[in-house]
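Each chain is listed here by its residues.
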Amino acid sequence: FSRKLKVSDMAKVAAISESHFARVFKRETGHSPAEYVNMIRIDKAKKLLRAGRLSVSEIASETGFASPSHFSTAFSRATGVSPAEFREKGM
């Protein structure tokens, strides 16, 4: 999940159309493919933040976000705190 994933690539692997893949995925998981991937990336980021070995910029790159600011925005939206606050509070 550290690289960019496209619905078209996932649908190809499943050998079905993009629209059908997206519908089935949402029905089975309750989330769109993009939401699901984002949740996995955020969960990995939480683990990396707790470990304390990597900078926020390194974690952004490691978890597949386009930039540290994109990562911070997505993380804050998902958790209610910034990556730095998450790390500081030992969440």
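Because the structure is predicted, anything quoted here is derived from the model rather than measured. (Residues numbered from 1 in each chain as written. Predicted model: local features only at pLDDT ≥ 70, side-chain atom pairs only at ≥ 80, totals over all residues. Heavy atoms only, no water.)

Draft legend 1. Expanded view of the overall build of the chain. Looking only at helices and strands, one finds six helices and zero strands in the chain. The helix and strand sequence of the chain, counted from the amino end, reads α-α-α-α-α-α. Each of the three principal axes of the chain carries a C-alpha extent, and together these read 45 × 20 × 20 Å. Sorting the 91 residues of the chain into buried and exposed places 23% on the buried side. (Helix = DSSP H or I, 4+ residues; strand = E, 2+ residues; numbered from the N terminus. Buried < 20%, exposed > 50% of the residue type's maximum accessible area, 1.4 Å probe, protein only.)

Draft legend 2. Structural view of the packing of helix 2 (residues 18–29) against helix 3 (residues 33–51). Remark: helix 2 packs on helix 3, axes separated minimally by 9 Å, with the N-to-C direction vectors making an angle of 55°. As judged from the angle between their axes, helix 2 and helix 3 are oblique. Residues F21, A22, F25, K26 and T29 of helix 2 form the contact with helix 3, whose participating residues are P33, E35 and Y36. In the contact of helix 2 with helix 3, the residues fall into five nonpolar, one polar and two charged. (Axes fitted to C-alpha atoms, helices over the stretch in contact; angles between N-to-C directions. Parallel < 35°, antiparallel > 145°, perpendicular 65-115°, else oblique. Contact = heavy atoms within 4.5 Å. Nonpolar A, V, L, I, M, F, W, Y, C, P; charged D, E, K, R; others polar.)

Draft legend 3. Examining the packing of helix 3 against helix 5 (residues 68–79) more closely. As a packed pair, helix 3 and helix 5 sit with axes 10 Å apart at the nearest point and diverge in direction by 95°. Taken together, the axes of helix 3 and helix 5 are roughly perpendicular relative to one another. Between helix 3, through N38, I42, A45, K46 and L49, and helix 5, the contact on the second element is made entirely by F71, A74, F75, A78 and T79. Of the residues that constitute the contact of helix 3 with helix 5, the class distribution is seven nonpolar, two polar and one charged.

Draft legend 4. A look at the pattern of salt bridges. This model, assessed by the stated rule, comprises one salt bridge. Where E28 meets R27, a salt bridge forms, and the shortest distance between an N and an O atom there is 3.4 Å. Note on accessibility: E28 and R27 belong to one class, exposed. (Salt bridge = Lys/Arg side-chain N within 4 Å of Asp/Glu carboxyl O.)

Draft legend 5. Inspection of the confidence of the model for the chain at higher detail. Summary statistics for the chain give a mean pLDDT of 91 and a share of 97% for residues scoring 70 or more. The least confident element of the chain is helix 1 (residues 7–14), whose mean pLDDT is 90; the most confident is helix 5, at 95. (pLDDT = per-residue confidence, 0-100.)

Draft legend 6. Representation of the nonpolar core. Of all hydrophobic cores here, the largest spans twelve residues; its members are I42, A45, L48, L49, I59, A60, F65, F71, A74, F75, V81 and F86. Counting residues per element, the ones that place at least two in this core are helix 3, helix 4 (56–62) and helix 5. No other element matches the four residues that helix 3 contributes to this core. Those residues within four positions of V81 in sequence are excluded, and the remaining contacts are F75, S76, F86, K89 and M91. (Core = buried A, V, L, I, M, F, W, Y, C linked by side-chain atoms within 4.5 Å.)

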